[in-house]
Amino acid sequence: MRKPIIAGNWKMHKTVAEGVAFINAVKNEVEGTDVEALICAPYTLLPSLVEAAKGTSVKIGAQNMHFEDKGAFTGEVSADMLLDIGVTHVIIGHSERRQYFGETNETVNKKAHKALQKGLTPIVCCGETLEQREAGETKSHCKVQIEEAFTGIAAADAPKVVIAYEPIWAIGTGKTASSQDANDVIAFIREVLVGLYGDAVSEEVRIQYGGSVKPANVEEIMNESDIDGALVGGASLEPSDFLQLVNF
Ligand SMILES: O=C[C@H](O)COP(=O)(O)O
């Protein structure tokens, strides 16, 4: 049984005070649910959020990291630095990182390896553009992204990876893939994992959907057979919305 994982991705939003107030507002309400609840916040907030969430089941993640341990990489943050402050998860290869910051399948793969080596849970993102969807290339594109992200990752480590399928045209647009469409692509991604690792490993990997998930549609999405969670941007910014998502 795959434990559902609802993750907020705050992107470039919130000050430390706003972030801590959010965690204080949700942390007791999240207790007792069967859901893994996670907030991925900007670096500047992370130590304060980890502190605010201490002793609760709310987990704190980063939105990116570098694949090297240390060195002359101005502006970057390493896995060890995240672990040092108590971060447990890291989003890797979000489409905004790919589009604006030159993230490639190769760097995604290197980051996934590093996260696993260090004991961070990588949330590896994939998803197609509108043009690719309209050209019928959704599945072939996601297949390449997943195969290249998992290159060299051992079968024993694969289930530690969370995948987030996020059609780019559905991010922040209010357009959601229908829950059946999302499930169809996610079931296909699971087939890709079968090809890489076999049935048993594939069945263990949690695959989230992301793209305009909100309280009004989360239940329908989460009721789909292959969807194990949601990676949520806009609707994760308000405590009341986030709690509704976690309590789908
Ligand atoms: O990481 C989250 C996704 O980019 C989805 O963002 P959104 O929920 O605002 O559409």
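Residues numbered from 1 in each chain as written. Predicted model: local features only at pLDDT ≥ 70, side-chain atom pairs only at ≥ 80, totals over all residues.

Colleague: Summarise the UniProt feature "binding site: substrate" (unreviewed entry) in the chain; cite the residues concerned and give the values.
Modeller: In the numbering adopted here, UniProt assigns the feature "binding site: substrate" (unreviewed entry) to Asn9, Trp10, Lys11, Gly172, Ser212, Gly233 and Gly234. Across 226 residues of sequence, these annotated residues stay compact in space, with a maximum C-alpha separation of 13.9 Å. Among the structural elements, tryptophan 10 can be located in the loop between strand 1 (5-9) and helix 1 (16-30). When the 21 C-beta atoms within 10 Å are taken as the criterion, tryptophan 10 is described as buried. Here tryptophan 10 is in contact with Ile39, Cys40, Ala41, Pro42, Ser236 and Leu237, once residues within four sequence places are set aside. Filtering out sequence-adjacent residues up to four positions away, serine 212 remains in contact with Ala170, Thr173, Gly174, Lys175 and Thr176. (UniProt positions renumbered as here; feature names shortened; annotations may be inferred. Helix = DSSP H or I, 4+ residues; strand = E, 2+ residues; numbered from the N terminus. Buried ≥ 20, exposed ≤ 12 C-beta atoms within 10 Å, placed from the backbone. Contact = placed C-beta atoms within 7 Å.)

Colleague: Residue-level account of the packing of helix 1 against helix 11 (residues 239-246), with values.
Modeller: Remark: helix 1 packs on helix 11, axes separated minimally by 9 Å, with the N-to-C direction vectors making an angle of 25 degrees. The angle between helix 1 and helix 11 falls in the class roughly parallel. Helix 1 and helix 11 meet at a crossing whose hand is right-handed. On the side of helix 1, the interface is formed by Phe22, Ala25, Val26, Glu29 and Val30, while helix 11 contributes Pro239, Phe242, Leu243 and Val246. A breakdown of the residues in the contact of helix 1 with helix 11 according to their chemical character gives 8 nonpolar, no polar and 1 charged. (Axes fitted to C-alpha atoms, helices over the stretch in contact; angles between N-to-C directions. Parallel < 35°, antiparallel > 145°, perpendicular 65-115°, else oblique. Left-handed = near helix turned anticlockwise from the far one by under 90°. Nonpolar A, V, L, I, M, F, W, Y, C, P; charged D, E, K, R; others polar.)

Colleague: Can you break down the confidence of the model for the chain residue by residue, with the values?
Modeller: Model confidence for the chain is summarised by a mean pLDDT of 97, while 100% of its residues fall at 70 or above. This complex was scored by the predictor with a pTM of 0.97 and an ipTM of 0.99. (pLDDT = per-residue confidence, 0-100.)

Colleague: Hey, could you go over the pairing of strand 6 (residues 162-165) for me, with residue numbers and the actual values?
Modeller: Side chains Val162 and Ala164 of strand 6 all project onto a buried face; the interleaved residues Ile163 and Tyr165 project onto the opposite face, where all are buried too. Examined bridge by bridge, strand 5 (residues 121-126) and strand 6 share 4 bridges and lie parallel to one another. The partner of valine 124 across the bridge, within strand 6, is isoleucine 163. Two elements, strand 6 and strand 7 (residues 206-210), share 4 bridges in a ladder whose sense is parallel. Looking at the pairing, alanine 164 lines up with glutamine 208 of strand 7. (Pairing = 2+ DSSP bridges.)

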